[in-house]
Amino acid sequence: AKRAGEGHVRLFDAPMNLRFVERARLRQALPEALARGEFSLVYQPQQTLGRGHTLGCEALLRWQHPDLGLTAPEVFIPVAEDCGLIVPIGAWVLEQACRQATRWPDGQSVAVNVSAVQLHSGLLVQQVQHALEASGLAPGRLELELTESALIDGEEKVRPTLERLRALGVRLAIDDFGTGYSSLSYLQRLPIDRLKIDRSFVMALTTPEAADRSLAAAVVRIARTLEMDTVAEGVESLDLLPQLRALGCDMVQGYAIARPMPADALLDWLRQARG
Ligand code: C2E
Ligand code: CA
Ligand code: CA
Ligand code: CA
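Residues numbered from 1 in each chain as written. Chains lettered and ligands numbered in written order. Predicted model: local features only at pLDDT ≥ 70, side-chain atom pairs only at ≥ 80, totals over all residues. Heavy atoms only, no water.

What follows deals with the coordination of the calcium ion (ligand 3). Within the first shell, the calcium ion (ligand 3) binds the protein through Asp175 (OD), Asp176 (OD), Glu233 (OE) and Glu233 (OE), at distances of 2.2 to 2.5 Å. On the primary sequence, the residues serving as donors to the calcium ion (ligand 3) are separated as D-D-x56-E. The distance between the calcium ion (ligand 3) and the calcium ion (ligand 2) is 3.9 Å, with Asp175 acting as a donor to both metals. (Donors = N, O, S within 2.8 Å, 3.2 Å for Na, K, Ca; no water.)

Below, the discussion takes up the side chain of Gln108. Along the chain, the position of Gln108 falls in the loop between α3 (86–101) and β4 (109–113). The exposure class of Gln108 is buried, given its relative accessible area of 4%. A polar atom in the side chain of Gln108 sits 3.1 Å from the backbone nitrogen of Asp106. In contact with Gln108, other than residues within four places in its own chain, are Thr54, Leu55, Gly56, Arg141 and Leu270. (Helix = DSSP H or I, 4+ residues; strand = E, 2+ residues; numbered from the N terminus. Buried < 20%, exposed > 50% of the residue type's maximum accessible area, 1.4 Å probe, protein only. Polar contact = N/O pair within 3.5 Å; in protein donor to acceptor, adjacent residues only side chain to side chain. Contact = heavy atoms within 4.5 Å.)

This part covers unusual backbone geometry. Positive phi, close to 50°, is recorded for Asp176, a residue that is not glycine. Position of Asp176 relative to the elements: it lies in strand β6 (residues 171–177). We classify Asp176 as partly exposed; its relative accessible area is 28%.

The N-to-C vectors of α3 and helix α5 (residues 124–135) enclose an angle of 30°; their axes lie 8 Å apart at closest approach. Comparing the axis directions of α3 and α5 gives the class roughly parallel. Between α3 and α5 lies a crossing of right-handed hand. Note on element contacts: α5 touches α3 through Leu124, Gln127, Val128, His130, Ala131, Leu132, Ala134 and Ser135, opposite Val87, Gly90, Ala91, Leu94, Glu95, Cys98 and Arg99. (Axes fitted to C-alpha atoms, helices over the stretch in contact; angles between N-to-C directions. Parallel < 35°, antiparallel > 145°, perpendicular 65-115°, else oblique. Left-handed = near helix turned anticlockwise from the far one by under 90°.)

Turning our attention to the pairing of strand β7 (residues 194–197). Of the two faces of β7, the one holding Arg194 and Lys196 and the one holding Leu195 and Ile197 are both buried throughout. Strand direction decides the pairing type here: β6 and β7, joined by 3 bridges, are parallel. For Ile174, the partnering residue across the bridge sits in β7 and is Leu195. Two elements, β7 and strand β8 (residues 229–232), share 4 bridges in a ladder whose sense is parallel. (Pairing = 2+ DSSP bridges.)

It is worth spelling out the site of ligand 1 at this point. Around ligand 1 sit 21 residues in total, of which Gln44, Arg62, Asp175, Glu236 and Tyr255 are the nearest. Between ligand 1 and Asn113 there is a distance of 3.1 Å, counted from an oxygen atom to a side-chain nitrogen or oxygen. Here a nitrogen atom of ligand 1 sits 2.5 Å away from a polar atom, N or O, in the side chain of Glu236. Its free accessible area being 800 Å², ligand 1 has 84% of it covered by the protein chains. For the shell around ligand 1, the leading source of residues is strand β2 (residues 54–65), giving 4 residues. A breakdown of the residues in the shell around ligand 1 according to their chemical character gives 8 nonpolar, 5 polar and 8 charged. (Near = heavy atom within 4 Å. Areas by Shrake-Rupley, 256 points an atom, 1.4 Å probe, with all protein chains shown as cover. Nonpolar A, V, L, I, M, F, W, Y, C, P; charged D, E, K, R; others polar.)

Bringing the packing of α5 against helix α7 (residues 155–168) into the picture now. Orientation of α5 relative to α7, taken along the N-to-C sense of each, is 15°, at an axis distance of 10 Å. Classed by the angle they form, the pair α5 and α7 counts as roughly parallel. Like other packed secondary-structure pairs, α5 and α7 cross with a definite hand, here right-handed. The segment α5 lies against α7, with Leu124, Val125, Val128 and Gln129 engaging Thr161, Arg164, Leu165 and Leu168. Among the residues making up the contact of α5 with α7, the classes are represented as 5 nonpolar, 2 polar and 1 charged.

For Gly154, the location among the structural elements is in the loop between α6 (148–152) and α7. For Gly154, a relative accessible area of 38% corresponds to the partly exposed category.

This next bit is on the nonpolar core. Judged by nonpolar contacts, the single largest core of 74 residues is most densely connected at Tyr43, Val110, Leu142, Leu144, Leu151 and Leu162. Top element by residues in this core is α3. It accounts for 8 residues. (Core = buried A, V, L, I, M, F, W, Y, C linked by side-chain atoms within 4.5 Å.)

This is the structure:
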């Protein structure tokens, strides 16, 4: 740690250093991870607010390295984006998620997170086509989750890509809606089916401040105006369901319904939820 004036030790230097070392290690280990089979997917159900039907699941990536252990996607995905590896990793995620979804009992759909780097790679349409063909999944059962920043940076180039994906029959959602950009005008111009209400707005529903609570409602209204549907993310308490229902939100996802789980556990969960 560096010494600051009066002999104080700046404590924040240590964690910053650690993070640097950690990232360097991840950058070294990441190129091998795909070939070594260190990635897996877990799935989190999304239910309707009306009858509690599970209509789909979101696929979430996990990386387990023999020495580094389990690394959070929020940590390794930025590293994979920096070195471009997110493109082949993203292709693997698409293929794996589509294959799994073909096993689900009631034609549930699968939502796959797509990185901005992957969207702008020029390879996404091809990757999606390949995943659909290899798995035999009906295109209408695949949903791609995109972030606002990915859509706005180079909107003119993104639009043809989205239109081609839509033409394949794939659905498109905006993840973490409302946390990225303040501009709404792009929403009208892009072919989007669904907005995901960020967890921060969902959590704000539990606060006494009317202004905080109004954000989730605003997202639902925007979605309705543009004929999109909504998923509330990060729902940690069943007490939130009546409020979300009153707002006109369509679907919920979060620990209160189910934690993300491996493919086999999910199959059991789906069968039970059904019967
Ligand atoms: P996200 O897309 O917003 O995913 C939701 C995150 O919230 C997941 O974290 C999920 O496990 C967590 N979560 C779900 N329900 C609750 C809840 O009730 N409370 C709380 N506190 N958290 C909840 P996870 O799996 O760690 O993923 C973090 C982020 O990493 C994702 O955020 C997404 O941006 C990214 N990510 C994950 N998988 C992929 C992937 O395959 N490709 C890309 N490009 N990004 C991915
Ligand atoms: Ca997501
Ligand atoms: Ca999200
Ligand atoms: Ca997020």
